[in-house]
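Descriptive structure summary
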Amino acid sequence: MIPTREEAWEWVKEYNDSDALRKHALAVEGVMRHFAALKGAPDVDTWGVVGLLHDLDYEKYPEEHCTKVRQILGEKGVDEGVIRAVASHGWGMCSEVEPVSDMEKTLYTVDELTGLINAAALMRPSRSVMDMELKSAKKKFKDKRFAAGVNRDVVLKGAQMMGMELDDIITETIKGMQEVAEAIGLEMHEPQA
């Protein structure tokens with residue numbers, strides 16, 4: 001069974017009390033949907049659900065991240081392809097599941113990148129992703145001290161796996177986040193005096 005978007009969102013809320021984690025799930029969902037449409041994937045909704053569910057086990061089971069989710073989703077009768085895709089985003093860090101499909105490679109790549117773009121947007125006077133440009137995001141990407149928890153090596157390895165230039169991936173990730181800016185709290189704000 002492939003869960004509906006509504007079911008997936010209910011599960012995210014059930015397992016994650018953190019507003020930041022919920023917004024991250026929504027950001028990754030938006031970016032996954034954007035890339036699915038960009039690639040002409042027939043299953044845009046599945047890509048979105050995978051993005052939404054990717055950190056389902058992170059808050060409650062941080063030591064079992066990408067492992068516990070297999071059990072949780074398996075008990076809910078979720079399709080093995082969805083479970084595998086969710087688990088693959090932690091490849092080489094907390095999962096042995098190597099990303100092989102376009103959907104898995106995309107999730108692996110954009111998960112960390114959405115975190116960096118989110119942090120960069122919050123540093124802007126507008127506190128928004130709507131006026132974010134490639135140049136700004138790339139500058140933050142190169143500064144290893146900025147959002148130091150973001151694993152840039154994963155993003156670079158993912159870009160190679162996807163066969164895309166880093167600049168294009170950053171640009172499309174920004175676009176995907178812009179599409180859900182209000183839901184993730186990064187719509188335009190008046191600069192604070």
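Residues numbered from 1 in each chain as written. Predicted model: local features only at pLDDT ≥ 70, side-chain atom pairs only at ≥ 80, totals over all residues. Heavy atoms only, no water.

Remarks on the side chain of arginine 152
Note the threshold: Strands here are runs of E lasting at least two residues and helices are runs of H or I lasting at least four, both read from the DSSP assignment and numbered beginning at the N terminus. Only protein chains enter the calculation, and the probe is 1.4 Å; a residue is then buried if its accessible area is under 20% of its type maximum, exposed if over 50%, and partly exposed in between. When charges are tallied, Lys and Arg are placed among the positive residues and Asp and Glu among the negative ones, while His and the ends of the chain are skipped. In what follows, salt bridge is the name for a side-chain nitrogen of Lys or Arg lying within 4 Å of a carboxyl oxygen of Asp or Glu. Residue contacts are counted whenever heavy atoms from the two residues lie within 4.5 Å of one another.
Inspection of the secondary structure puts arginine 152 in helix H8 (residues 152-162). It turns out arginine 152 is buried and unbridged, and the closest side chain with the opposite charge, aspartate 143, is 6.2 Å from it. Residues in contact with arginine 152, not counting those within four places in the same chain, are Leu116, Lys140, Phe141, Asp143, Lys144, Phe146 and Ala147.

Brief notes about the pattern of salt bridges
In total, this model carries eleven salt bridges according to the counting rule given. In this structure, glutamate 29 and arginine 5 form a salt bridge, with 2.9 Å as the shortest nitrogen-oxygen distance. Placement of the pair is glutamate 29 in helix H2 (residues 19-38) and arginine 5 in helix H1 (residues 5-15), with a sequence separation of 24 residues. Here glutamate 29 falls in the buried class, since its relative accessible area comes to 5%. The class for arginine 5 is partly exposed, based on a relative accessible area of 27%. Lysine 23 is the partner of aspartate 19 in a salt bridge, and the nearest nitrogen-oxygen pair spans 3.2 Å. Remark: lysine 23 and aspartate 19 occur in helix H2; sequence separation between them is four residues, near one turn of the helix. Look at lysine 23 and you get partly exposed, because its relative accessible area is 30%.

Focus: the environment of leucine 116
Along the chain, leucine 116 turns up in helix H6 (residues 102-123). For the pair leucine 116 and lysine 140, spaced 24 residues apart in sequence, the C-alpha to C-alpha distance is 7.7 Å. Residue contacts for leucine 116: discarding those within four places in its chain leaves Ala137, Lys140, Phe141, Phe146, Val150 and Arg152.

Concerning the packing of aromatic side chains
Convention followed: What counts as a ring pair is set by centres within 6.5 Å for rings of Phe, Tyr and Trp (its six-membered ring), and what kind of pair is set by the plane angle: stacked under 30 degrees, edge-to-face over 60, tilted for all other angles. Two limits define a charge over a ring: the Lys NZ or Arg CZ must be within 6 Å of the ring centre, and within 35 degrees of the ring normal.
Applying the stated rule across the entire model yields one aromatic pair. When the ring centre of phenylalanine 141 is taken as origin, the NZ or CZ atom of arginine 152, which lies over that ring, is 5.8 Å away.

Considerations on the environment of proline 3
Residue placement: proline 3 occurs in the segment before H1. Each C-alpha atom, one on proline 3 and one on alanine 137, is 33 Å from the other, the two residues being 134 residues apart in sequence. If near-sequence neighbours (up to four positions away) are discounted, proline 3 is found in contact with Ala8, Trp11, Val49, Leu53 and Val78.

Description of H6
For clarity, the cut-off: Expected span, for any helix, means 1.5 Å times one less than how many residues it has. The reported bend at a residue is simply the angle between two axes, fitted to the 7 residues ending at it and to the 7 residues beginning with it.
With 22 residues, H6 should cover 32 Å at 1.5 Å per step; its first-to-last C-alpha distance of 32 Å lies within 8% of that length. At valine 110, H6 is bent by approximately 30 degrees, the largest bend along its length.

Points about the packing of H2 against H6
To be explicit about the condition: For every element, the axis is a line fit to its C-alpha atoms; helices are fit only across the contacting stretch, and the angle between N-to-C directions ranges from 0 to 180 degrees. Each angle receives one of four descriptions, namely roughly parallel if under 35 degrees, roughly antiparallel if over 145, roughly perpendicular if within 65 to 115, and oblique otherwise. What makes a crossing left-handed is the near helix being turned counterclockwise from the far one by less than a right angle; a clockwise turn instead makes it right-handed. Note on residue categories: nonpolar means Ala, Val, Leu, Ile, Met, Phe, Trp, Tyr, Cys or Pro, charged means Asp, Glu, Lys or Arg, and polar means any other residue, Gly included.
As a packed pair, H2 and H6 sit with axes 10 Å apart at the nearest point and diverge in direction by 135 degrees. Between H2 and H6, the angle falls in the class oblique. Note on packing geometry: the crossing formed by H2 with H6 is right-handed. Taken together, the residues of H6 that come into contact with H2 (itself represented by His24, Ala27, Val28, Val31, Met32 and Phe35) are Met103, Thr106, Leu107, Val110, Asp111 and Thr114. Classifying every residue of the contact of H2 with H6 gives eight nonpolar, three polar and one charged.

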